[in-house]
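A look at the structure
Take a look at the letters that make up each chain.
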Amino acid sequence: MPELRLTNTLTGNKEVFEPRDPDRITLYVCGPTVYNLAHIGNARPVVVFDMLYRVLQLLFPSVVYARNITDIDDKIIASARERGETIDAITSEFTLKFREDVAQLNTLAPSLEPRATENIEAMQQLILRLIERNHAYTADGHVLFDVTSMEGYGALSGRNLDDMLAGARVEVADYKRNPGDFVLWKPSLADDPGWESPWGWGRPGWHLECSAMIRAHLGDAIDIHGGGRDLIFPHHENERAQSCCGYGGDFVRYWVHNAYVDMDGEKMSKSLGNVRTVRELLEVYPGEVLRFALLSTHYRSPLNFSGALLDQARNTLDAFYQALRQVETVEPVALADTETEAFAALLDDLNTPKAIAALHAASKELNKANADSLALCKGRLLANGRVLGLLERFPSDWFTQGAGDGPNAETIEALLEERLAARAARDFARADAIRNELQAAGIVLEDSADGTSWRRT
RNA sequence: GGCUCGGUGGCAGAGUGGUCAUGCAGCGGAUUGCAAAUCCGUCUACGCCGGUUCGAUUCCGACCCGAGCCUCCA
């Protein structure tokens, strides 16, 4: 069995992945808060952990991948008020749109998509446990986690309580015993959304849902917990505190975090207002281009987003599909996913750039292949692509469908016929005129021994 | 201020204690009626200063620069 290596935020090291139970791998990733459209930065962890999910599936017989939907949150409440809609309408709409958007990125659906509002009871039970074990206390209508009650609080983010005190920039609510204490349950006003609880009408704190849902759906402890780097503190640190103190044990064996998508050297975020939504990008680029672009940088490095990045991704995919288009009628040799160079690269901490380099090598080989090796070379390129969730479309569709609003296929074919006749009569002036006309409409012609093909640009 | 993570050739982007990343762009060729695509060849690199070493882009230390977290955020 080949070894998978992952960088574990908790230790800071690249480690060999050793599952708790090889027959049931558990992966949990923080999902969206559904109050607006996903942007390309939100899409990064979705694609990165889809990649991890695929690799785990190739290595183990059963992988449970849970990605939560946060459907109760102050942002959602505010958004509902602003738009004059119910919370339910907002969260339903954006849950659906989120699923549609990420499906376009060739991501597999997770095994489970637990919703926060369907797990309130599990959250309340966790709070009760934490109070029982003296890790939490009630104050001023809130239930708070006492960070000093946990030995090793701060280990995930590399902080200690003194550091946090020294760097505190926030005014501390006076009902907190320690400045770092965080809310498990907070009171809601009578007309605010909320649930009955032993502590009155209220709603869960920010970090509670993931702890409770992991316990409810995956068990006391899981193999891998993923998310964006910015979740390390406080979200994952607090999640870890809740679960470790509530249930004991390891909770998570490997913490994996992706870096963000930058916009002009700055983080892309809702608060900075420099976001590009997946939905708007999909109007211009196929989802596969977005996926390729997101995989072109290693997941732990920042990815600088730009139009040039996407254009280059598209050009590269064009080249791969071009190679496949030449051999569309060749039956490829079947090659197992686990025998590909791309898979080998992914085993090393999801080295997607290296896997993509394997794609280039396979593509070049296919272009140079002779009649005897065509089927094998085609099989190799397809298998490497498949491992990455790429190159799964028919090449001719890739080039001819597109979002272009130029001439339709019939018109183009008719002009090709005319040009063919002109060339046969050595009337190159007419032939070139047709080519130029089509080029102006965004159609590129390519002559070869087998005839002329076309593609949209 | 505290903590964390980075600085690789024109650009994007891997990796390594000692002959290769890879791609795009550029340049030169092959091919082509002209193109496109493709193929062949080719140039440019490891922030700065010390240290360890036979040898450092790779290890160690200082410094400079950048980003992130410490407040909702992938």
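Up top is the structure these notes are about.
A short tour of the structure in this document, coming up. (Residues numbered from 1 in each chain as written. Chains lettered and ligands numbered in written order. Predicted model: local features only at pLDDT ≥ 70, side-chain atom pairs only at ≥ 80, totals over all residues. Heavy atoms only, no water.)

In this section: the overall build of chain A. Regarding its fold elements, chain A presents 16 helices and 15 strands. For chain A, the spread of C-alpha atoms along the principal axes amounts to about 90 × 55 × 35 Å. Expressed as a percentage of the 457 residues in chain A, the buried residues total 50%. Contacts in chain A between residues at least 24 apart in sequence constitute 75% of all its contacts with a sequence separation of at least 6. For chain A, the computed accessible surface area is about 21,000 Å², with 48% contributed by carbon and sulfur atoms. Of note, chain A has its 47 positive side-chain charges centred 3 Å away from the centre of its 67 negative side-chain charges. (Helix = DSSP H or I, 4+ residues; strand = E, 2+ residues; numbered from the N terminus. Buried < 20%, exposed > 50% of the residue type's maximum accessible area, 1.4 Å probe, protein only. Contact = heavy atoms within 4.5 Å. Areas by Shrake-Rupley, 256 points an atom, 1.4 Å probe, with all protein chains shown as cover. Lys, Arg positive; Asp, Glu negative; His and termini not counted. Charge placed at Lys NZ, Arg CZ, Asp CG, Glu CD.)

Mapped onto the secondary structure, Val387 falls in helix 13 (residues 374-388). Classification of Val387 as buried rests on a relative accessible area of 3%. Val387 sits 49 residues away from Thr338 along the chain, and the two C-alpha atoms are 8.4 Å apart.

Okay, the pattern of salt bridges next. Tallying each qualifying case throughout the model produces 26 salt bridges. Here Arg54 ties to Asp50 by a salt bridge, and the two come within 2.8 Å at their closest N and O atoms. In this pair, Arg54 and Asp50 are both assigned in helix 1 (residues 40-59), four residues apart and thus about one turn of the helix distant. Lys97 is the partner of Glu93 in a salt bridge, and the nearest nitrogen-oxygen pair spans 2.8 Å. Here Glu93 and its partner Lys97 are both found in helix 3 (residues 87-104), four residues apart, which amounts to about one turn of the helix. Connected through shared salt-bridge partners, Arg83, Glu85, Glu93 and Lys97 make up one network. (Salt bridge = Lys/Arg side-chain N within 4 Å of Asp/Glu carboxyl O.)

Summarising the sheet, strand 1 (residues 5-8) and strand 2 (residues 13-16) pair through four bridges and their orientation is antiparallel. Its bridge partner lying in strand 2, Arg5 is registered against Val16. Two successive antiparallel strands, strand 1 and strand 2, enclose a turn made up of four residues, where Gly12 displays a positive phi of approximately 80°. (Pairing = 2+ DSSP bridges.)

What follows deals with the sheet that holds strand 13 (residues 303-305). Strand order in the open sheet made by the three strands is 12-11-13, with mixed pairing throughout. The sheet is open, and its two borders are formed by strand 12 (266-267) and strand 13, each paired with just one other strand.

What follows concerns the environment of Arg393. Here Arg393 shows up in the loop between helix 13 and helix 14 (395-400). Sequence-wise, Arg393 and Leu52 are 341 residues apart; in three dimensions their C-alpha atoms are separated by 22 Å. Apart from the residues lying within four places of it in its own chain, the contact partners of Arg393 are Pro286, Glu288, Tyr321, Trp398 and Gln401.

Another point: the sheet that holds strand 6 (residues 142-145). As summarised here, the arrangement of the four strands in space is 5-6-7-8, forming an open sheet in which the pairing is antiparallel. Two strands lie at the open edges of the sheet, namely strand 5 (136-139) and strand 8 (202-204), each paired on one side alone. Recorded for the sheet is a direction-independent mean angle of 25° between the axes of neighbouring strands. Bridge count between strand 7 (residues 182-187) and strand 8: three bridges; the pairing is antiparallel. Following the sheet pairing, Pro187 is matched in strand 8 by Gly202. (Axes fitted to C-alpha atoms, helices over the stretch in contact; angles between N-to-C directions.)

To continue, consider the pairing of strand 10 (residues 252-258). In terms of burial, strand 10 is largely enclosed, as six of its seven residues are buried. In this region the chain leaves strand 9 (residues 222-228), passes through helix 7 (residues 232-247) and returns to the parallel neighbour strand 10; the handedness of that crossover is right-handed. (Right-handed = clockwise from strand over helix to strand, strands pointing away.)

A few words on the state of the cysteines. This structure, assessed with the given rule, holds zero disulfides. The closest cysteine sulfur to the non-disulfide-bonded Cys210 is located on Cys30, 3.9 Å from its own sulfur. You can call Cys210 buried: its relative accessible area is 1%. (Disulfide = S-S within 2.5 Å.)

This part covers the packing of helix 2 (residues 74-83) against helix 3. Relative to each other, helix 2 and helix 3 sit at 110°, their axes nearing to 9 Å. Classified by the interaxial angle, the pair formed by helix 2 and helix 3 is roughly perpendicular. Across from Ile76, Ile77, Ser79, Ala80 and Arg83 in helix 2, the residues of helix 3 making contact are Ile87, Ile90, Thr91, Glu93 and Phe94. For the contact of helix 2 with helix 3, the class distribution of residues is six nonpolar, two polar and two charged. (Parallel < 35°, antiparallel > 145°, perpendicular 65-115°, else oblique. Nonpolar A, V, L, I, M, F, W, Y, C, P; charged D, E, K, R; others polar.)

Let us now look at the packing of aromatic side chains. Per the stated rule, a full pass over the model turns up eight aromatic pairs. Here the aromatic rings of Phe17 and Phe60 are separated by 5.9 Å at their centres, their planes lie at 80°, and the arrangement is edge-to-face. With Phe17 in the loop between strand 2 and strand 3 (25-29) and Phe60 in the loop between helix 1 and strand 4 (63-67), this residue pair connects regions lying 43 residues apart in the sequence. Considering the side-chain rings of Phe251 and Trp255, the 6.1 Å spacing of their centres and the 65° angle between planes classify their relative orientation as edge-to-face. Like Trp255, Phe251 is buried. Among the aromatic residues, those joined into a ring-pair cluster are Phe17, Phe60 and Tyr254. Across from the ring centre of Phe233, 4.3 Å away, lies the NZ or CZ of Arg159, which sits over that ring. Taking NZ or CZ as reference, Arg177 lies 3.9 Å from the ring centre of Tyr137, over its face. (Phe/Tyr/Trp six-rings, centres within 6.5 Å; stacked < 30°, edge-to-face > 60°. Lys NZ or Arg CZ within 6 Å of the ring centre and 35° of its normal.)

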